Amino acid sequence: MSLSVFEKIYEVVLKIPKGRVATYGQVAFLAGNPRWARVVGYALHQNPKPFIIPCHRVVNRNGEIAESFAFGGGNVQRQILEDEGITFESDGTIDLKKYLWQP
């Protein structure tokens, strides 16, 4: 049985370790198609296991969090990431050179 696109995305997101982030494009690439970045956003918005699949660890290519984070808004996503040890720059972004997951 082959996995659905969303299942492939969730498999990748499950691998992002605590204290690291991945970009939508990176998740798309690792899930099998670099053009799926928007699909990654849709999949994470419909995350069936929000406290198991760590969708809060996915940010945009500029290290910005999602203002419309599906499980409570950008402030919730930021707080969860800070609780995992990630610090934010003064402009509100995450330093991807420091925190980007390198599988």
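Above this text you will find the structure in question.
Counting of residues starts from 1 at the beginning of each chain's written sequence and follows it residue by residue. The predicted nature of this model means local features are confined to residues of pLDDT at least 70 and side-chain atom pairs, given and counted, to a pLDDT of 80 or more, with totals for whole chains, interfaces and linings taken over all residues. In computing side-chain values, all of the structure's heavy atoms are included and hydrogens and water are not.

Novice: Please explain the packing of aromatic side chains as it appears in this structure.
Specialist: Two aromatic rings, taken as a pair, are described by how far apart their centres are and by the angle between their planes. Pairing of aromatic side chains here covers Phe, Tyr and the six-membered ring of Trp, requires ring centres within 6.5 Å, and sorts the geometry by plane angle: under 30 degrees stacked, over 60 edge-to-face, intermediate tilted. Per the counting criterion, the structure on display carries one aromatic pair. Seen in terms of ring centroids, Phe6 and Tyr10 are 6.2 Å apart; in terms of plane orientation they differ by 70°. Their pairing is edge-to-face. Here Tyr10 and Phe6 lie together in helix H1 (residues 5-15), a separation of four residues that amounts to about one turn. Categorising residues by exposure relies on relative accessible area from a 1.4 Å probe, with only protein chains included: less than 20% of the type maximum marks a residue as buried, more than 50% marks it as exposed, and the intermediate range marks it as partly exposed. Looking at Phe6, the relative accessible area reads 26%, which means it is partly exposed. Accessibility expressed as a relative area gives 10% for Tyr10, which makes it buried. Remark: a charge is flagged as sitting over a ring if the NZ atom of Lys or the CZ atom of Arg is within 6 Å of the ring centre and within 35 degrees of the ring normal. The positively charged end of Arg78 is found above the aromatic ring belonging to Phe88, 4.2 Å away from the centroid. Numbering goes from the N terminus for both helices and strands, where a helix is a DSSP run of H or I of at least four residues and a strand is a run of E of at least two.

Novice: Whenever I open this one, the pattern of salt bridges confuses me. Can you help?
Specialist: Once their charged atoms are close, side chains differing in charge can pair, the charge on each being opposite to the other. Just to be clear on terms, a salt bridge is a Lys or Arg side-chain nitrogen sitting within 4 Å of an Asp or Glu carboxyl oxygen. For the structure on display, the rule yields two salt bridges. Note that Arg57 is salt-bridged to Glu84, the shortest N-O span being 2.8 Å. Here Glu84 lies in the loop between helix H4 (74-83) and helix H5 (96-99) and Arg57 lies in the loop between helix H3 (37-45) and strand E2 (58-59), a separation of 27 residues in the sequence. Exposure class is identical for Arg57 and Glu84. Each is buried. With a closest N to O distance of 3.0 Å, Glu82 and Arg78 form a salt bridge. On the criterion of helical spacing, the pair formed by Glu82 and Arg78 is a turn pair, its members being four residues apart in helix H4. On the basis of relative accessibility, which here comes to 32%, the residue Glu82 falls in the partly exposed class.

These results come straight from atomic positions and should not be treated as a statement about function.
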